[in-house]
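Given next are the chains, with one letter for each unit.
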Amino acid sequence: MRKIAVAVLLVLMAAPALAQDHVLGPGEEPKDKTASQKAGDDRAERAYQRSLNNVPDQKPVDPWGTARGDDASKKLAAPARPVAKQSSKAKSGSTAN
């Protein structure tokens, strides 16, 4: 009796998995879409791109800012200055680290 109950439970658990969409196997070609499906995909893509354009630009977030304190976060928030390049003629014989 228990074996039958276990078998019934396994069948009941497998039924939703078999009801999912068909997954393409190896060497199986996807079906061509109809014109209405292609138009729907194009509409969805345009709506997605419009929604991306509606997202405002956000400031960079510093999650450790409160742990460091006010002085350290202001120093890190300041934009970095570009390093001045030295010409190859101005090199001296000493090397400093």
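Numbering of residues starts from 1 in each chain and follows the order in which that chain's sequence is written. In keeping with the model being predicted, local features are shown solely for residues with a pLDDT of at least 70 and side-chain atom pairs are shown and tallied solely at 80 or more, while totals for entire chains, interfaces and linings include all residues. Water and hydrogen atoms were dropped before computing side-chain values, which therefore reflect all heavy atoms in the structure.

Attention now moves to the overall build of the chain. Along the chain, the regular secondary structure elements total four helices and zero strands. Counting from the N terminus, the helices are the DSSP runs of H or I reaching at least four residues and the strands are the DSSP runs of E reaching at least two. Along the chain direction, N to C, the helices and strands of the chain fall in the order α-α-α-α. The rule is simple: take the accessible area with a 1.4 Å probe, protein chains only, and divide by the maximum for that residue type; under 20% is buried, over 50% is exposed, in between is partly exposed. Of all 97 residues assigned to the chain, the portion counted as buried reaches 1%. With the model as given, the accessible surface of the chain reaches about 10,300 Å², and the carbon-plus-sulfur share is 58%. Note on areas: Shrake-Rupley, 1.4 Å probe, and residue coverage restricted to the protein chains presented here.

So, on to the pattern of salt bridges. What makes a salt bridge here is a side-chain nitrogen of Lys or Arg within 4 Å of a carboxyl oxygen of Asp or Glu, nothing more. Inspection of the entire model under this criterion finds one salt bridge. Close ionic contact of lysine 33 with aspartate 41 constitutes a salt bridge, the shortest N to O distance being 2.4 Å.

Right, let's talk about a nonpolar patch on the surface for a bit. Taken together, Ile4, Val8, Leu9 and Leu12 make up a surface patch of nonpolar side chains, about 400 Å² in accessible area. With respect to the secondary-structure elements, leucine 9 resides in helix 1 (residues 2-18). Patch membership needs two things, relative accessible area over 30% and no salt bridge, and members are linked within 9 Å if like-charged or within 5 Å if nonpolar (Val, Leu, Ile, Met, Phe, Trp, Tyr).

Attention shifts here to the confidence of the model for the chain. pLDDT expresses how confident the predictor is about each individual residue, on a scale running from 0 to 100. With 66% of its residues at a pLDDT of 70 or more, the chain shows a mean pLDDT of 78. Confidence, expressed as mean pLDDT per element, reaches its minimum in the chain at helix 4 (residues 70-77) with 59 and its maximum at helix 2 (residues 35-53) with 95.

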